[in-house]
Amino acid sequence: MSTLEIKDLQVQVQTEDGPKEILKGVTLTIRDGETHAIMGPNGSGKSTLAYSIAGHPRYEITGGSVTLDGEDVLAMSVDERARAGLFLAMQYPVEVPGVSVANFLRTAKTAIDGEAPKLRTWVKDVNGVMERMNLDASFSQRSVNEGFSGGEKKRHEIAQLDLLDPKVAILDETDSGLDIDALKVVSEGVNRFREREGKGVLLITHYTRILRYIKPDRVHVFVAGKVAESGGPELAEELEANGYERFLTAAV
Ligand SMILES: Nc1ncnc2c1ncn2[C@@H]1O[C@H](COP(=O)(O)OP(=O)(O)OP(=O)(O)O)[C@@H](O)[C@H]1O
């Protein structure tokens, strides 16, 4: 089971000019096995939603709730959220110089499962994932994200998704900066994850092209810190054709 329920979520950040309200009451439920796409203009608060769910300390929750299978996510520390089954692929993955991909993956897996994975199956699993993500075997020995190309960073995020096997994956612009081949590899990785029993996906994107590979159950238009409209995949096609204008006018 994996139901992520976001109710009337309100979030602010501290700026030099005082607090700034970014999320103004976001309500969204991702049920067992569903994939939801969020699209919206720059600065509408999509990444803020992703970071707030993952527990980034910069974002202050001023109202509302987030639960995963009924558990209060907002009461959990960042690592508790990961152990509870939340995964965030960041728009700009951070570099961790001196920590190899192999070490990072094993440490993360151990922290999430509460015990170290069995070495023999783990090595096989990692090699299998690297191969599927079209990453060279030597990639495991490189420092996390240091000097990675844009495409390598995103493929590495999906390799993590595959190995860490969360309940709900939040993917923040995982398609940005990918060439056609990498987009396919990344999409296939996400689809393999979706095929597992009861997994939820929240996919933040600017482009409908990824939604041709990863078919969403629901599409939400995010404008000025709120969900302005929700619909099926046809809503993404409408956005591609007409842009956000009708939503922006309505939000004023
Ligand atoms: N620390 C901060 N200080 C000031 N403003 C901030 C801070 N963090 C976020 N914001 C503002 O909050 C708004 C929402 O930002 P966010 O990154 O969530 O938008 P987004 O929809 O993901 O944008 P994009 O599509 O460009 O990635 C923006 O106006 C941004 O400048």
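Residues numbered from 1 in each chain as written. Predicted model: local features only at pLDDT ≥ 70, side-chain atom pairs only at ≥ 80, totals over all residues. Heavy atoms only, no water.

By the naming in an unreviewed UniProt entry, the chain is Fe-S cluster assembly ATPase SufC, taken from Nocardioides humi.

Novice: Talk me through the site of the ligand; I want residue IDs and the actual numbers.
Specialist: Near the ligand there are 16 residues, and of these Gly43, Lys46, Ser47, Thr48 and His206 occur at the shortest range. One nitrogen or oxygen atom from the main chain of serine 44 is found 3.1 Å from an oxygen atom belonging to the ligand. Between an oxygen atom of the ligand and a main-chain N or O atom of glycine 45, the distance comes to 3.0 Å. With the chains in place, 70% of the 640 Å² that the ligand exposes on its own is no longer accessible. Mapped by element, the contributors of at least two residues to the shell around the ligand are strand E1 (4-15), strand E2 (18-30) and helix H1 (46-54). (Near = heavy atom within 4 Å. Polar contact = N/O pair within 3.5 Å; in protein donor to acceptor, adjacent residues only side chain to side chain. Areas by Shrake-Rupley, 256 points an atom, 1.4 Å probe, with all protein chains shown as cover. Helix = DSSP H or I, 4+ residues; strand = E, 2+ residues; numbered from the N terminus.)

Novice: Give a detailed account of the sheet that holds strand E12 (residues 226-231), specifying residues and quantitative values.
Specialist: Taken in spatial order, the 6 strands of this open sheet run E6-E9-E10-E3-E11-E12, and their pairing is mixed. The strands lining the two open edges of the sheet, one partner per strand, are strand E6 (86-89) and E12. Strand after strand, the sheet turns through a mean of 20 degrees between neighbouring axes, direction not considered. The sheet contact formed by E6 and strand E9 (residues 168-172) spans 4 bridges and is parallel. Considered in E9, the bridge of phenylalanine 87 is made with alanine 169. (Pairing = 2+ DSSP bridges. Axes fitted to C-alpha atoms, helices over the stretch in contact; angles between N-to-C directions.)

Novice: Describe the environment of leucine 203, naming the residues involved and giving the relevant values.
Specialist: Here leucine 203 is to be found in strand E10 (residues 200-204). On the basis of relative accessible area, leucine 203 is assigned to the buried category, the value being 1%. Expressed as a C-alpha distance, the spacing of leucine 203 and isoleucine 214, which sit 11 residues apart in the sequence, is 9.3 Å. Setting aside its immediate chain neighbours within four residues, leucine 203 contacts His36, Ala37, Ile38, Leu171, Ile210, Leu211 and Ile214. (Buried < 20%, exposed > 50% of the residue type's maximum accessible area, 1.4 Å probe, protein only. Contact = heavy atoms within 4.5 Å.)

Novice: Please give an account of the UniProt feature "domain: ABC transporter" (unreviewed entry) in the chain that cites residues and values.
Specialist: As recorded in UniProt, the feature "domain: ABC transporter" (unreviewed entry) lies at residues 4-249. Taken end to end, residues 4-249 comprises 38% helix and 30% strand; its first and last C-alpha atoms sit 30 Å apart. (UniProt positions renumbered as here; feature names shortened; annotations may be inferred.)

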